[in-house]
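The residues making up each chain are set out below.
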Amino acid sequence: MNINIPQTYFSKLMRAVVEFELIEQGDRILIGVSGGKDSIFLTYALAILRERLKRDFTIAAFTVNPQFDDPFDTDAIAAFCKQLDVPYEVVDVDIAGAIAEQDDKSPCFTCAFFRRGAVNRYAAAHQMNKVAYAHHHDDAVETFLMSLFYSGQLNTFRPKTYLDKTDITVIRPLVYFREQEIIDAIQYHGFTPIPSPCPHNGNTTRQTVKELIETLGKDNPNLYNHLAAGMREGALGELWPASKTRKEMERTYRTFMAKK
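Residues numbered from 1 in each chain as written. Predicted model: local features only at pLDDT ≥ 70, side-chain atom pairs only at ≥ 80, totals over all residues. Heavy atoms only, no water.

- The protein carries the name tRNA 2-thiocytidine biosynthesis protein TtcA in an unreviewed UniProt entry, which gives Selenomonas timonae as its organism.

1. Comments concerning the layout of surface pockets
At step 1: Approximately 600 Å³ is the volume attributed to the second largest pocket.
At step 2: Of all the secondary structure elements, the ones that give two or more residues to the lining of the second largest pocket are helix 6 (137-151) and helix 10 (223-230). (1 Å grid on protein atoms, 1.4 Å probe; cavity = no way out; pocket = protein on both sides within 12 Å on 5 of 7 lines; lining within 4 Å. Points joined across faces, edges and corners; volume = space filled by probe spheres on them. Helix = DSSP H or I, 4+ residues; strand = E, 2+ residues; numbered from the N terminus.)

2. Here we look at a nonpolar patch on the surface
At step 1: A cluster of nonpolar side chains, L148, F149, Y150, L154, L212, L216, L236 and L239, forms an exposed patch at the surface whose accessible area comes to about 800 Å².
At step 2: Going through the elements one at a time, helix 6 and helix 9 (205-219) are the ones with two or more residues in the nonpolar patch.
At step 3: Per-element tally for the nonpolar patch: the top contributor is helix 6, with three residues.
At step 4: Within the secondary structure, L239 sits in the loop between helix 10 and helix 11 (246-258).
At step 5: By relative accessible area, which is 55% here, L239 ends up exposed. (Patch = residues over 30% accessible without salt bridge, like charges linked within 9 Å, V, L, I, M, F, W, Y side chains within 5 Å. Areas by Shrake-Rupley, 256 points an atom, 1.4 Å probe, with all protein chains shown as cover. Salt bridge = Lys/Arg side-chain N within 4 Å of Asp/Glu carboxyl O. Buried < 20%, exposed > 50% of the residue type's maximum accessible area, 1.4 Å probe, protein only.)

3. Digging into the environment of R116
At step 1: Inspection of the secondary structure puts R116 in helix 5 (residues 107-125).
At step 2: Accessibility expressed as a relative area gives 41% for R116, which makes it partly exposed.
At step 3: Along the chain, R116 and V131 lie 15 residues apart, while their C-alpha atoms are 9.7 Å from each other.

Here is the structure:
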């Protein structure tokens, strides 16, 4: 299989790898593959890096079958990985059952929790020191806004995160790609994305925030870029002081009342 991407794509990929030091000599990287456009492009991109980078590292792909009612055929993913000479395996995880048992929690939260656990366990069992996820730039911006709206915190995922409990490093090589660029990349790798078997797909908080950004961006063309700039450390302007605890307020009150 002749694998290639435009130079503009390769430059974005390399920018993330170099800036955040995502790939090092001797790395054994596990790619979480769902069959969607993002994870397929990530697999393709890392296969290209394996050929071009002056690094000795290996990659393998792994799919979690969440066992939803709709059948999840992974044969096409297996064939794609074989063309790229990427080892591939599927493991069944009863995420559908877990969501049913924890109906008081967001199904997306439960699904993500069990997927991460399955991927990390597989990586550790196969002596892989890194896990690659296909989150792109739009994902980061949406997560940033979701965090503000639903938790009151300014927070998003990092391009590189070390998990001390498992001794695994999570990397996200696609953080400089816009979602549309990944959609357009289908013409380069030729894989038709597999529809998500999740019954909650498209009916999520993330989709709501995605649509909000798109709507507000029609009147403010700089909205997305401003949100992206706000994700960076050092972007904070004037904020209120942190909330005081009850004890701190009591001391403040006593000091205030004691003043003449």
